[in-house]
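Below are the chains, spelled out letter by letter.
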Amino acid sequence: LGSTGESSGSGPLTADGSSTVYPITSDAASYWNSNHPADDGEYWGSNDEGTAPGYGQIDNPDNKNLADYWAGLYGFEAKDGAAPPFSVNVGLSHSGTGIEKVANEQVDIGDASSSVADELPDASQGELDKYTDHVVARDGQPVVVSREIWDAGVEKLTGDQVRGIYTGEITNWSEISSYNGPDKEIQAVGRAVGSGTDTAFRANMLGDPEAEMSVDIRKGQNQQVQTTVADSDNAIAYMALAFVDMDRVPAISLELDGTTYTLGENLGSKDYPLSRELHCYTYEGTSEKEAAFINMLLSEFGQRHFVQPNNYFMLPPEEREEQRSKLPEQSN
Amino acid sequence: MSDQTVTQTNEEQQSNDSTEQRSNSLTVDVETDERLVDSWTDYEFEDEAAITVEDLDVYYGDDHAIDSISMEIPERSVTALIGPSGCGKSTFLRCLNRMNDRIDSARVEGTVEVDGENIYEGDTDLVQLRKRVGMVFQSPNPFPKSIRENVSYGPRKHGDVNVGLLGRLLGNDDREVEREIVERSLEQAALWDEVSGRLDDNALGLSGGQQQRLCIARCLAVDPDVILMDEPASALDPVATAKIEDLIEQLAEEYTVVVVTHNMQQAARISDQTAVFLTGGQLVEYDDTDKIFENPESDRVEDYVTGKFG
Amino acid sequence: MSDQTVTQTNEEQQSNDSTEQRSNSLTVDVETDERLVDSWTDYEFEDEAAITVEDLDVYYGDDHAIDSISMEIPERSVTALIGPSGCGKSTFLRCLNRMNDRIDSARVEGTVEVDGENIYEGDTDLVQLRKRVGMVFQSPNPFPKSIRENVSYGPRKHGDVNVGLLGRLLGNDDREVEREIVERSLEQAALWDEVSGRLDDNALGLSGGQQQRLCIARCLAVDPDVILMDEPASALDPVATAKIEDLIEQLAEEYTVVVVTHNMQQAARISDQTAVFLTGGQLVEYDDTDKIFENPESDRVEDYVTGKFG
Amino acid sequence: MSEQTATRTAAPAVDLFDRIALGVVGLSIVTFLLGWTTLFERTGTDTAVAGLSLFTLFGAVFLLAGIGLLVSGIASYVGAFETTADRYTGIGTGLGLGIVGFAVGGLATTILFGVGATGSVLVGLVVGLVVTSGVAVLPEDLGTTFPVGLLGLAWGGLLVTGAVDAGWFWNPPSLDATFHAPIVVPLATIALSLLIAWSGAIVAEGFGSQGRQNGAYLLIGLNAFGMIAVLLLLILFVVQKGLPKLLEGAQFGPGLGISVPFLTKGVMLGQQYNGIFPAIVGTIWLVIGAVLLAVPIGIGAAVFLTEYAEQGRFTAIIETTTNALWSTPSIVYGLFGYAFLVPRFGNSNSLLAGMFVLGFMLLPLVVITSRESIKSVPDEYRDASAALGVNQWQTIRSVVLPAAMPGVVTGVILGVGRIAGETAPILLVTSGQPFPARAPSILGSFRFVATPPFVQNEALLQASSALPYQLYAVITAGVGQEEAFGWGTALVLLLVVLGFYAIGIASRIYFRRKLHQ
Amino acid sequence: MSTTELHEQLKDRLGVESADDSVVTLGAVGALCLLGSAVAFLIGSPFTALPLAGFLFTVGYGLWNHQATTAKALTFLATIATGAILALITVYLIIEAFPAIREMGLAMFTKTSGRMWITRGEEVYSLVPMMWGTLVTTVLAMLIAGPLGVAGALFISEIAPDAVREIVKPAVETLAGIPSIVYGFIGFTILNDYMMENLDLPSSGSLVIVGLVVGLMALPTVVSVAEDAISSVPESMKSGSLALGTTDWQTIKNITLPAAFSGVSAAVLLGVGRAIGETMAATVILGHAQVLPEPLYDVFGNTETLTSLIASQYGVASSTHMSALFAAGVVLFVTVTVLSIASQYIERRMQIQLQGDT
Ligand SMILES: Nc1ncnc2c1ncn2[C@@H]1O[C@H](COP(=O)(O)OP(=O)(O)OP(=O)(O)O)[C@@H](O)[C@H]1O
Ligand SMILES: Nc1ncnc2c1ncn2[C@@H]1O[C@H](COP(=O)(O)OP(=O)(O)OP(=O)(O)O)[C@@H](O)[C@H]1O
Ligand SMILES: [Mg+2]
Ligand SMILES: [Mg+2]
Ligand SMILES: O=P([O-])([O-])[O-]
């Protein structure tokens with residue numbers, strides 16, 4: 001049986017991996033696959049900045065449909081009707097899987113929320129070099145607790161307290177001074193080993209991507225962590241910004257090295273130790289198909305449509321330019 | 001009571017208590033020889049009746065399997081039921097200990113009196129009834145247990161012997177009683193000599209004929225008054241059959257035996273009286289066996305017993 | 001050849017070709033009446049023999065089921081095989097069209113000649129043999145197909161009629177031929193009148209007796225010379241049995257019919273000659289039916305046919 | 001001994017005695033049902049009946065029932081009423097009640113005195129042994145009523161006096177769980193109601209073998225009732241939760257045609273109602289592929305093993321392995337597919353890989369059921385055909401296989417029902433996008449090319465969704481906002497799978513009836 | 001081996017009746033083609049289709065000209081294919097599992113202290129927590145499904161009136177089909193919540209929920225298989241007992257159940273197999289902590305089962321880690337195989353005993 005499904009040919013562009021990056025790439029894929037016409041104000045926008053943020057940066061003289069335009073930049077011909085030149089399929093697992101699958105050429109793009117170097121600590125430099133890193137957004141990783149804990153006064157923890165909880169030194173909420181509820185064991189919720197969120201948390205909070213942790217339960221995806229924390233009355237968890245919901249899973253403030261970081265205030269700061277980059281990795285260079293999609297993510301339009309609404313931080317323009325320089329030449 | 005009576009075939013006979021309804025029976029289309037007049041239902045056996053059946057009808061759903069049969073089965077004798085296949089012999093037999101209750105579609109009407117009690121009356125205790133009216137089936141069906149356990153199964157379950165762990169612990173062990181019951185029953189069933197040395201072997205290891213005698217012994221062990229047998233020898237070879245036949249004749253000294261058979265020679269050999277059923281669940285003739293085989297009243301019975309059909 | 005011969009029971013008879021081994025046969029413990037001397041194996045029927053069996057032995061593993069039987073079965077007549085259960089009647093019958101080949105443990109020795117050819121010789125074509133020697137079984141076994149398909153099954157499979165889609169496409173459709181075969185066979189089997197209107201109904205919807213006649217029609221459709229029947233009426237009610245018996249007598253005008261039955265009256269009614277088997281797979285007597293039933297040579301046969309045992 | 005066999009016939013039980021027993025049984029069935037509704041939070045613990053709180057009510061009932069049992073036990077023992085009680089209660093009943101004694105004794109010890117695990121197990125064992133031996137040698141009328149009656153009195157007393165009330169809880173030192181009254185009381189009530197009902201049923205028939213039968217039947221009947229009720233509730237629950245989503249935006253009626261967007265649409269931008277059409281199509285293709293792979297091979301193998309091969313070691317080995325593989329967990333097949341098949345099928349998750357994995361899973365079942373049904377084709381058919389001079393293959397083709405087909409078809413349908421609901425293998429080898437917009441278009445994707453393998457079908461080599469995976473995706477990708485979508489999917493999945501089962505079972509019943517007509 | 005010998009052997013195998021050489025040649029060509037495509041597939045060659053087409057052509061030709069022989073050969077091939085597929089899966093599992101077992105040695109199945117599952121850096125793979133998790137959930141599940149299932153089967157086959165049986169039996173069989181992911185969904189969304197709330201559990205996803213859910217899931221299977229076994233006890237045996245004047249219940253206890261023992265235990269073993277192999281419910285409910293519960297019998301604790309281990313980690317695994325997952329697969333496979341063989345053995349023993357040819 002044949003060897004298709006490579007980045008060449010008319011098959012779809014496939015991505016898999018991080019549940020942190022998933023909201024961005026999945027939204028982008030929805031737009032891409034719907035391939036709305038240029039005059040569709042709601043999705044693509046008229047020439048009006050107000051309805052289509054970032055539209056002003058786009059030079060679309062032929063009024064092409066959305067995917068036709070972005071794919072056209074890399075020389076892909078538009079198809080008849082609403083179908084995009086190629087479709088984009090985004091799977092959902094976690095960063096380790098994305099990195100594994102992109103290297104096995106099972107997908108074109110591996111989404112990851114931690115760097116491949118952290119994710120594969122044993123890999124040689126040569127191996128790492130085969131990955132091309134496309135940073136598409138930034139996350140300020142929040143720490144969340146169950147609503148009951150928040151209501152019992154835990155709105156802020158210090159870095160040492162969080163470390164204490166995740167190394168098994170603190171096991172009861174009553175050991176936290178601000179806590180004024182009944183005696184309650186702490187349910188330390190973690191993400192699956194191999195998820196970027198977990199790796200980044202260990203690296204940034206515990207100081208080593210392979211640091212030992214003591215968690216009570218590990219869930220596969222950010223969404224499951226969210227559900228678990230919401231359904232419990234004693235949980236703490238680390239996750240990605242997109243999944244915070246102040247009513248069900250409130251994010252607490254963190255005091256690290258004397259600075260207090262609070263959601264909505266300074267989590268986006270580069271100094272926030274738990275801030276991390278969100279990556280779309282390609283393997284052994286970046287094909288034009290991959291480039292066409294990633295280019296859209298890196299555009300002002302993409303950042304405003306796919307990154308910002310999911311509560312992630314947009315890349316500043318100069319960083320975007322730097323990332324775009326890793327893409328192959330555009331043909332038009 | 002049904003308005004079809006046993007006497008449909010015997011228009012002229014007057015002794016029947018439902019003669020006032022005779023006009024009805026003319027409408028029933030029965031292939032029968034109406035010229036024949038006999039009075040066999042008047043027939044009075046010398047012994048007392050152990051079982052009295054009156055106006056018995058059995059239906060399977062809408063199927064009328066037994067058609068208003070009345071008969072008296074005398075004590076301590078062998079009564080044979082013969083007739084072609086499907087005529088309702090087994091059904092009739094199963095009425096006598098209410099084994100038909102196990103067939104959901106079966107419906108029984110009429111009365112069957114065992115020792116003067118109607119067993120189809122409200123609160124008959126089936127357990128007691130079946131202890132009194134034992135049954136032996138067409139193909140031997142010993143339990144997959146030892147020979148001893150097969151025989152003592154009934155007494156054990158009825159609580160007559162107590163040989164469990166508890167009994168032993170309390171020093172209240174009926175092992176001796178059990179031994180006696182087993183020996184006596186097996187002796188009555190003419191099996192003791194053959195199996196006395198291996199009472200603890202699995203009963204399924206016995207030959208077909210031995211198994212059938214074991215089933216008889218099992219039935220005797222609960223000390224019934226009546227023993228029903230449904231073609232007890234039809235699955236057996238000639239030698240085993242001969243043994244069973246001898247046994248049946250012996251049993252009649254103590255028990256009331258009712259035997260279904262499709263083998264007319266067998267009926268002739270072993271029974272004291274014979275009832276001939278014909279298709280449709282009708283009892284056509286019932287009389288002393290000699291009479292039935294040598295000089296039956298009905299032509300159809302004559303045809304049947306001489307092998308002109310069936 | 002086995003050194004037990006058919007003539008064990010007939011010490012004096014000389015016509016057998018293995019008399020030189022007779023001394024052996026004395027050592028065999030057979031319950032037989034040794035005073036009886038007869039010469040039935042010399043018996044020559046008027047018609048030509050359709051099947052000649054010589055020194056046939058059949059073993060199931062170590063079981064000796066047929067014990068050196070020789071007999072000639074004449075053309076266009078009904079030959080009945082009777083005897084108690086397990087005496088080897090069915091086994092013998094199945095030897096005649098080599099259906100025993102289908103039983104792994106069965107081993108056949110001796111010769112069976114059909115129309116002068118030994119069917120146990122090296123390269124007998126089983127397909128051809130079984131077309132010539134058809135068989136009807138104890139319980140009716142029509143295929144779960146339509147009546148028509150049941151009858152035309154044989155001819156179709158032998159390629160005599162071609163009614164498939166392909167045939168129709170190629171304009172080579174033997175529908176007409178099939179119709180004729182079906183009609184002729186059903187008429188011969190006395191079933192045409194009853195089913196001609198519903199040839200496409202499922203055969204399993206027929207009554208038992210109709211099913212059995214259908215099986216006979218199915219057998220006739222491949223135009224055999226010999227028809228073997230193993231208790232063809234034992235699963236049927238008296239009316240159906242009567243029809244089958246009539247049919248058998250008619251068939252004998254055209255075909256050689258061999259019938260196994262356990263019903264002696266039936267054998268007496270329908271057969272021209274009768275072979276009596278007794279336990280151990282021995283052929284004890286073989287003669288005209290009237291002779292067997294009225295004046296048998298052997299006491300054991302007399303006992304058997306008068307119902308003293310079996 | 002035989003003269004003793006004429007035992008006392010069941011005396012027409014006296015009215016009063018009967019009424020007590022039936023009252024006990026009736027009351028305990030009520031508490032049994034109320035226990036369940038309380039456990040399922042359908043009856044609040046604050047429900048009050050005639051001024052009594054729920055738990056007090058339970059207590060009162062247990063007190064009444066306990067007294068009833070004790071009274072009738074004694075009445076029978078002293079001969080006030082004629083019953084058929086046995087000499088001894090017997091070891092079986094003794095053991096059963098002993099186990100209850102073990103549990104009650106052990107739990108009481110640790111709850112009341114805070115004794116650790118080992119200690120309370122020891123106490124429990126002692127209590128259990130005492131109960132077992134005591135009950136076993138008691139006369140039956142006492143042995144079956146006293147322990148249960150006393151237990152009823154004790155538990156009733158605790159509830160009535162308020163020693164155990166709605167705020168009661170027990171926190172076992174070694175376990176993470178805390179047992180609160182709202183869960184403990186209904187559970188204990190259910191268990192005790194069963195015991196009391198059992199005992200009451202025995203009393204009602206006047207003890208003896210009839211009594212034991214009555215008791216056993218009541219327990220078994222209640223159990224069966226409970227089991228079926230729970231399973232049906234489960235389905236009703238899914239239906240109730242899923243139906244609104246399934247019917248969202250649905251239109252049917254005169255002039256409107258029928259449109260159910262949930263079943264006919266994917267998940268797409270700018271669409272009012274999203275649906276699971278791609279998953280339905282994915283499941284259909286997976287099933288078709290698996291059946292095309294497994295059925296011919298499976299039936300072929302079954303024919304060979306049953307009709308041609310000599311029954312011996314070879315067939316026994318195949319039989320053993322097929323049986324073993326049929327019970328092999330699906331995740332193991334999935335792992336195999338992920339590591340072995342996926343790299344060979346275009347190196348990405350694909351429908352084709354899913355078809356193969358599910359086909360492999362189905363294969364043993366097809367072999368097993370086909371063998372069974374081919375074996376059960378009566379030999380008469382084969383004999384009849386052989387006697388007509390028809391060769392073996394023709395016989396198999398024209399007689400054996402058609403006769404076996406009903407069994408094979410039924411087996412395959414049931415197997416399909418199972419694989420259609422399998423999630424694990426799909427997750428590993430087929431899944432891609434969790435909420436796809438479009439269904440795979442298999443038929444439209446066949447291409448003939450000049451290079452090997454000459455035929456290509458891209459859609460077959462691409463990832464797809466399937467109903468069970470869709471449900472899994474809802475769980476992983478956010479139960480929060482999409483829970484309704486999940487219930488809708490669960491309902492459709494249930495309908496599809498149970499539909500297969502229902503058809504399979506109905507066809508089996510149909511064919512059986514037809515055979516026995 | 002000479003060609004003629006080969007021919008003879010082939011003829012023997014295929015049971016060719018006529019000495020027709022063309023049939024043998026045809027068989028040889030077909031076999032070669034098939035072998036070719038199998039090899040091509042195994043090495044992942046794009047030329048797999050060529051020999052496959054050749055094979056199909058040979059089959060077509062054979063069916064046209066030598067139908068009986070070709071058909072027999074095809075059924076033989078199907079048997080071989082079945083065996084080969086099953087063997088392939090088994091062998092592949094074991095081969096893939098081997099590196100991890102070699103690396104960890106026996107510790108893989110015995111290490112019970114310290115960290116038992118580390119997938120990066122200093123890798124450690126002990127399957128003990130997962131085996132324990134599987135054992136606990138299975139025992140819990142069978143405590144529910146075993147007695148309730150057998151009682152349910154008794155009810156349906158022996159106690160219920162005909163009308164009830166005719167509805168309940170197919171209904172229960174149908175319920176056996178509810179997909180495990182549906183149970184998982186209910187367990188994850190409803191039961192988890194309920195337990196957290198009412199038992200003050202410190203962490204969600206406890207073993208007891210999985211046990212409960214899996215028990216419920218296995219229940220209809222146990223019922224319907226046990227019911228088949230019980231109702232296949234010959235009526236003659238039951239009648240034999242009843243005709244002696246025993247009650248129905250005495251007959252059930254002393255005759256029916258012992259006679260159906262093999263089938264009933266096979267049903268329970270089948271349920272055990274189901275419980276052991278249940279993946280999705282465990283995966284979505286459990287908390288995936290590869291530790292032993294503390295104390296060991298704490299069924300409210302949280303650990304991993306063999307199946308959920310594989311389902312949750314296959315994506316991130318490579319090399320030894322992947323091999324360790326295969327080892328988990330092998331443990332599962334071996335366990336269910338042993339169970340399956342055991343149940344077949346029991347069944348055969350009892351059959352022999354019932355038929356009396358001991
Ligand atoms: N369980 C049943 N359900 C429905 N009909 C039945 C049942 N048992 C018997 N019958 C029908 O009742 C009629 C009488 O059957 P029964 O078995 O009593 O005949 P029989 O005289 O014993 O025949 P045989 O000599 O063949 O044993 C037959 O028509 C039979 O088909
Ligand atoms: N397939 C077989 N395998 C082994 N033994 C067999 C087989 N068929 C028959 N027998 C034995 O061969 C002997 C003759 O059997 P056969 O069936 O020929 O007797 P029968 O005269 O037809 O008896 P019935 O009147 O009961 O049909 C019997 O002892 C029987 O047990
Ligand atoms: Mg009968
Ligand atoms: Mg025979
Ligand atoms: O982004 P993750 O899903 O790998 O944490």
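- Naming follows an unreviewed UniProt entry, where chain E appears as Phosphate transport system permease protein of Natrinema gari JCM 14663.
- Quoted verbatim from the Sequence similarities (unreviewed entry) field of the UniProt record, the comment on chain E reads "Belongs to the binding-protein-dependent transport system permease family. CysTW subfamily."
- The record in UniProt for chain E states the following under Subcellular location (unreviewed entry): "Cell membrane".

- Chain D carries the name Phosphate transport system permease protein PstA in an unreviewed UniProt entry, which gives Natrinema gari JCM 14663 as its organism.
- The UniProt entry for chain D carries this comment under Subcellular location (unreviewed entry): "Cell membrane".
- Chain D has a UniProt comment under Sequence similarities (unreviewed entry) that states "Belongs to the binding-protein-dependent transport system permease family. CysTW subfamily."

**Points about the overall build of chain E**
Inference 1: When its secondary structure is counted, chain E shows 15 helices and two strands.
Inference 2: For chain E, the C-alpha radius of gyration of 26 Å lies well beyond 21 Å, the compact-globule estimate for 358 residues.
Inference 3: C-alpha atoms of chain E, sized along the principal axes, occupy 75 × 75 × 35 Å.
Inference 4: Among the 358 residues that make up chain E, the fraction classed as buried is 60%.

**Structural notes on the interface of chain B and chain E**
Inference 1: Each partner contributes to the interface: chain B provides 26 residues, whereas chain E provides 24 residues.
Inference 2: The contact between chain B and chain E buries some 1900 Å² in all, and 58% of this surface belongs to carbon and sulfur atoms.
Inference 3: Sorting the residues of chain B by area buried against chain E places Arg-102, Tyr-153 and Lys-157 of chain B first, and these three jointly supply 27% of that buried surface.
Inference 4: Taken together, the connections running from chain B to chain E amount to two salt bridges.
Inference 5: As a salt-bridge pair, Asp-248 of chain E and Arg-102 of chain B come within 3.9 Å of each other at their nearest N and O atoms.
Inference 6: Inspection of the chain B/chain E interface yields eight residue pairs in polar contact (both at pLDDT 80 or more).
Inference 7: Per-class residue counts for the side of chain B that touches chain E are twelve nonpolar, seven polar and seven charged.

**Quick word on the site of ligand 2**
Residue and element names in this part refer to chain C.
Inference 1: The environment of ligand 2 is made up of Tyr-60, Ala-65, Ser-85, Gly-86, Cys-87, Gly-88, Lys-89, Ser-90, Thr-91, Ile-103, Ser-105 and Glu-231.
Inference 2: Within the backbone of Cys-87, one N or O atom sits 3.2 Å away from an oxygen atom of ligand 2.
Inference 3: Between an oxygen atom of ligand 2 and a side-chain N or O atom of Thr-91, the distance comes to 2.4 Å.
Inference 4: Relative to its free-state accessible area of 630 Å², ligand 2 is covered by the protein chains to the extent of 63%.

**Structural notes on the UniProt feature "transmembrane region" (unreviewed entry) in chain E**
Residue and element names in this part refer to chain E.
Inference 1: The UniProt record marks residues 23–42, 47–64, 76–95, 124–156, 176–195, 207–226 and 322–342 with the feature "transmembrane region" (unreviewed entry), using the residue numbering of this structure.
Inference 2: Its end C-alpha atoms 28 Å apart, residues 23–42 is made of 100% helix and 0% strand.
Inference 3: In residues 207–226, the share of helix is 100% and the share of strand is 0%. The end C-alpha atoms are 27 Å apart.

**Section: the packing of aromatic side chains**
Residue and element names in this part refer to chain A.
Inference 1: Counted according to the given criterion, the structure contains 41 aromatic pairs over all chains.
Inference 2: For the ring pair Tyr-131 and Tyr-281, a centre distance of 5.8 Å and an interplane angle of 80° mean the geometry is edge-to-face. With Tyr-131 in strand 4 (residues 131–140) and Tyr-281 in strand 12 (residues 275–283), the pair connects residues that are 150 residues apart, well separated along the chain. Tyr-281 carries the same exposure label as Tyr-131, and that label is buried.

**Remarks on the domain arrangement of chain D**
Inference 1: Here chain D is partitioned into domain 1 (12–89 + 138–232) and domain 2 (277–477).
Inference 2: Summarising the inter-unit geometry, the C-alpha centres of domain 1 of chain D and domain 2 of chain D are found 51 Å apart.

**Looking at the packing of helix 11 (residues 313–326) of chain D against helix 13 (residues 351–375) of chain D**
All names here are of chain D.
Inference 1: In the contact formed by helix 11 and helix 13, the axes pass within 8 Å of each other and the chain directions differ by 130°. Judged by the inter-axis angle, helix 11 sits oblique to helix 13. Here helix 11 runs over helix 13; the crossing is left-handed. Touching Thr-315, Glu-319, Thr-322, Asn-323, Leu-325 and Trp-326 of helix 11 are Met-361, Pro-364, Leu-365, Val-367, Ile-368, Arg-371 and Lys-375, all from helix 13.
Inference 2: Within the contact of helix 11 with helix 13, the residues separate by chemical class into seven nonpolar, three polar and three charged.

**Digging into the UniProt feature "domain: ABC transmembrane type-1" (unreviewed entry) in chain E**
Inference 1: Within this numbering scheme, the UniProt entry marks residues 131–343 of chain E as carrying the feature "domain: ABC transmembrane type-1" (unreviewed entry).
Inference 2: The span residues 131–343 of chain E carries 77% helix and 0% strand; its end-to-end C-alpha distance comes to 21 Å.

**Comments concerning the pairing of strand 10 (residues 282–288) of chain C**
Residues and elements named next belong to chain C.
Inference 1: When you tally the buried positions in strand 10, you get six out of seven residues, the bulk of the element.
Inference 2: Alignment of strand 9 (residues 273–278) against strand 10, held across six bridges, turns out to be antiparallel. When the sheet's bridge partners are listed, Val-276 is paired in strand 10 with Glu-285.
Inference 3: Connecting strand 9 to the antiparallel partner strand 10 that follows it, the hairpin turn spans three residues, and Gly-280 within it adopts a positive phi of roughly 100°.

Calculation rules
- Residues numbered from 1 in each chain as written.
- Chains lettered and ligands numbered in written order.
- Predicted model: local features only at pLDDT ≥ 70, side-chain atom pairs only at ≥ 80, totals over all residues.
- Heavy atoms only, no water.
- UniProt positions renumbered as here; feature names shortened; annotations may be inferred.
- Helix = DSSP H or I, 4+ residues; strand = E, 2+ residues; numbered from the N terminus.
- Rg over C-alpha atoms; globule rule 2.2 N^0.38 Å.
- Buried < 20%, exposed > 50% of the residue type's maximum accessible area, 1.4 Å probe, protein only.
- Contact = heavy atoms within 4.5 Å.
- Buried area = accessible area lost by both parts, 1.4 Å probe.
- Salt bridge = Lys/Arg side-chain N within 4 Å of Asp/Glu carboxyl O.
- Polar contact = N/O pair within 3.5 Å; in protein donor to acceptor, adjacent residues only side chain to side chain.
- Nonpolar A, V, L, I, M, F, W, Y, C, P; charged D, E, K, R; others polar.
- Near = heavy atom within 4 Å.
- Areas by Shrake-Rupley, 256 points an atom, 1.4 Å probe, with all protein chains shown as cover.
- Phe/Tyr/Trp six-rings, centres within 6.5 Å; stacked < 30°, edge-to-face > 60°.
- Domains from an automatic or database assignment.
- Axes fitted to C-alpha atoms, helices over the stretch in contact; angles between N-to-C directions.
- Parallel < 35°, antiparallel > 145°, perpendicular 65-115°, else oblique.
- Left-handed = near helix turned anticlockwise from the far one by under 90°.
- Pairing = 2+ DSSP bridges.

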